[in-house]
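Reading the structure
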Amino acid sequence: MKVTILPGDGIGPEVSEAAVRVLTDIAPHFGIEVEFDQADIGGAAISRHDDPLPAETLEKCIGSDAVLLGAVGDPQFESLPPSVRPEKGLLRLRAALGGFANLRPSSAFPALIDSSPLKRSVFEGTDLLIVRELLGGLYFGEPREFDRENATAFNTMRYSTSEVERVAKIAFDVARLRKKRVTSVDKANVLETSQLWRETVTRVSVDYPDVELEHLYVDACAMHLVTNPSRFDVILTENLFGDILSDEAAVLTGSLGMLASATIGGSVDLYEPVHGSAPDIAGKGIANPLGAIASIAMLLRHTARNEAAANAIETGIERALELGFRTSDIAGGTDIKTLSTSEMASVVAEHSLDAVHIAASYHAV
Ligand code: NAD
Ligand code: IPM
Ligand code: MN
């Protein structure tokens, strides 16, 4: 399997190094041979190549089975227009690879339950998956303009039926493997794009009579996420709503640093933690790598189609948390010794391998 690593900016290089470390340690135990390549993206690529997505980076990604991105975004480039910022490198990459369904799972880790900003009784049992449409809506809609002369600016929110259909099918398909419940989130009381979204999702649902469908407005969904998150199974939504709701869902687990993502449906699968480049903690070696490491588990599941390897890493993460290992963001203000980014990667790798060895001795018996 050929995997291209795009470390990017801020804590991106720190968390991607941690994730690579875990993949390198685990893959051989499952007969998976990984060939790594690396390339520049984001602010790092602007500094070196004057382009947030150099042609060479895109070429390497297109020639891979999967891409792992750390994070992009650098305060140094904050005054640039959106069209040339570090973040544009990521958006161009997503468009080029073609993955339109971004899966962002968020669940309560029993060991971390007291790190959640929610009361234990509210958060307990939460296990949801956001399916975010990734290539449409306001992010990519044309025309768009910042007209300084007339002091106006606009973006275009645009969706076609086929764009909604293809992501809706993925949401219903994954719901079948879960609790068989899809909540489609829109703003159909105000937006035409949302009316199209709702009609299309309802039509797709006819082919999935075994999956329950409900519709929620995005403002109400934001409310339900903090008052009763365990009511959700799969949340299907458009690009910008999914961006916002996934940060909200992420932090319920205790930290934005915990959440992983997989982008599927295109020519090459793209894996990224949900968090950004976190300039406030970059370079200190304290970033939480678990979102990036859990993205590796998703890579093993979706791209390598190796459920056992994915489970080993997820078990490694759970064990590390159960044993009380924490990075500072999830330490909850206690005085327990916190680990650095790379120490956390070592602990997870070690306990993922425990899981491998236990499985091996079980088979031997
Ligand atoms: P952010 O996600 O970088 O950080 C928000 C807060 O969460 C910060 O306090 C940060 O320290 C904390 N945090 C995030 N990840 C963490 C981790 N792994 N461990 C511990 N703490 C963590 O969001 P922001 O500050 O709004 O954005 C910073 C930059 O990142 C911006 O340039 C933004 O565009 C970019 N961004 C990139 C991505 C991506 O590359 N996928 C995602 C979101 C934001
Ligand atoms: C995310 C990020 C990106 C997005 C930015 C950096 C372009 O916030 O992956 O959630 O908005 O999609
Ligand atoms: Mn985001």
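Right above here is the structure, for reference.
Conventions we followed
Residues numbered from 1 in each chain as written. Chains lettered and ligands numbered in written order. Predicted model: local features only at pLDDT ≥ 70, side-chain atom pairs only at ≥ 80, totals over all residues. Heavy atoms only, no water. Buried < 20%, exposed > 50% of the residue type's maximum accessible area, 1.4 Å probe, protein only. Helix = DSSP H or I, 4+ residues; strand = E, 2+ residues; numbered from the N terminus. Pairing = 2+ DSSP bridges. Near = heavy atom within 4 Å. Polar contact = N/O pair within 3.5 Å; in protein donor to acceptor, adjacent residues only side chain to side chain. Areas by Shrake-Rupley, 256 points an atom, 1.4 Å probe, with all protein chains shown as cover. Nonpolar A, V, L, I, M, F, W, Y, C, P; charged D, E, K, R; others polar. 1 Å grid on protein atoms, 1.4 Å probe; cavity = no way out; pocket = protein on both sides within 12 Å on 5 of 7 lines; lining within 4 Å. Sits in = over half its atoms within 2 Å of the grid points. Core = buried A, V, L, I, M, F, W, Y, C linked by side-chain atoms within 4.5 Å. Domains from an automatic or database assignment. Contact = heavy atoms within 4.5 Å. Expected span 1.5 Å × (residues − 1). Points joined across faces, edges and corners; volume = space filled by probe spheres on them. Axes fitted to C-alpha atoms, helices over the stretch in contact; angles between N-to-C directions. Parallel < 35°, antiparallel > 145°, perpendicular 65-115°, else oblique. Left-handed = near helix turned anticlockwise from the far one by under 90°.

Looking at the pairing of strand S5 (residues 127–133)
Counting buried positions along S5 gives six out of seven residues, so the element sits mostly inside the fold. Both strand S4 (residues 101–107) and S5 contribute to a ladder of seven bridges, which runs antiparallel. Its bridge partner being in S5, Leu103 is matched across the sheet by Val131. Sheet analysis places S5 next to strand S10 (residues 234–237), joined by four bridges and oriented parallel. Each residue of the ladder has a partner; that of Val131, found in S10, is Leu236.

Regarding the site of ligand 1
The full set close to ligand 1 counts 21 residues, and Val72, Glu87, Gly276, Ala278 and Asp280 are the nearest of them. Separating an oxygen atom of ligand 1 from a side-chain N or O atom of Glu87 is a distance of 2.5 Å. Take Gly276: an N or O atom from its main chain is 2.7 Å from an oxygen atom of ligand 1. Here ligand 1, which alone exposes 810 Å², has 69% of that area covered by the protein. When contributions to the shell around ligand 1 are tallied by element, the ones reaching two or more residues are strand S3 (66–71) and helix H4 (86–97). Partitioned by chemical class, the residues of the shell around ligand 1 number 11 nonpolar, six polar and four charged.

Side note on the site of ligand 2
Ligand 2 sits among Glu87, Leu91, Arg94, Arg104, Arg132, Tyr139 and Asp243. The side chain of Arg94 places a nitrogen or oxygen atom 2.7 Å from an oxygen atom of ligand 2. Side-chain polar atom of Arg132 to an oxygen atom of ligand 2: 2.8 Å apart, as the coordinates give it. Assessed atom by atom at 2 Å from the grid points, ligand 2 resides in the largest pocket. The biggest single contributor to the shell around ligand 2 is H4, with three residues.

Some details on the nonpolar core
As a rule of thumb, soluble globular proteins bury nonpolar side chains together. The biggest cluster of nonpolar side chains holds 70 residues, and the ones touching the most others in it are Val131, Leu236, Leu290, Ile293, Ile313 and Ile317. It is helix H10 (residues 290–302) that provides the largest number of residues to this core, a total of nine residues. Structurally, this core is a two-domain feature, drawing no fewer than three residues from each of domain 1 (1–100 + 265–365) and domain 2 (106–257). When residues no more than four places from it in sequence are discounted, the contact partners of Ile293 are Ala18, Ala19, Val22, Ile313, Ile317, Ala345 and Val348. In this structure, Ala108, Val185, Phe232 and Ile235 belong to the second largest nonpolar core, which totals 18 residues.

Examining H10
For the α-helix, the turn length of 3.6 residues means that residues three or four positions removed from each other point alike. Given a rise of 1.5 Å per residue, 13 residues ought to cover 18 Å, and the 18 Å separating the end C-alpha atoms of H10 matches this to within 8%. Burial analysis of H10 places 11 of its 13 residues in the buried class, the great majority of the element. Those residues of H10 not exposed but buried are Leu290, Gly291, Ala292, Ile293, Ala294, Ser295, Ile296, Ala297, Met298, Leu299 and Leu300.

Side note on the layout of surface pockets
The space that makes up the largest pocket amounts to roughly 960 Å³. If you go around the largest pocket, you meet 41 residues; those closest to its centre are Arg85, Glu87, Lys88, Leu91 and Tyr139. Of all the secondary structure elements, the ones that give two or more residues to the lining of the largest pocket are S3, H4, strand S6 (145–147), strand S7 (152–154) and helix H9 (239–252). Residue composition of the lining of the largest pocket, by class: 19 nonpolar, eight polar and 14 charged. Of the residues that make up the lining of the largest pocket, three or more belong to each of domain 1 (1–100 + 265–365) and domain 2 (106–257). Each pocket or cavity is described by its volume, and for the second largest pocket that value is around 720 Å³.

Side note on the environment of Glu192
Examined against the element boundaries, Glu192 turns out to sit in helix H7 (residues 192–205). By relative accessible area, Glu192 is classed as exposed at 60%.

Remarks on the packing of H10 against helix H11 (residues 307–322)
The geometry of H10 relative to H11 is characterised by a closest axis approach of 6 Å and an angle of 160 degrees between their N-to-C directions. With respect to each other, H10 and H11 are oriented roughly antiparallel. Seen along the crossing, H10 lies across H11 with a hand that is left-handed. Here Leu290, Ile293, Ala294, Ile296, Ala297, Leu300 and Arg301 of H10 come into contact with H11, specifically with Glu307, Ala309, Ala310, Asn311, Ile313, Glu314, Ile317 and Leu321. The class makeup of the residues in the contact of H10 with H11 is 11 nonpolar, one polar and three charged.

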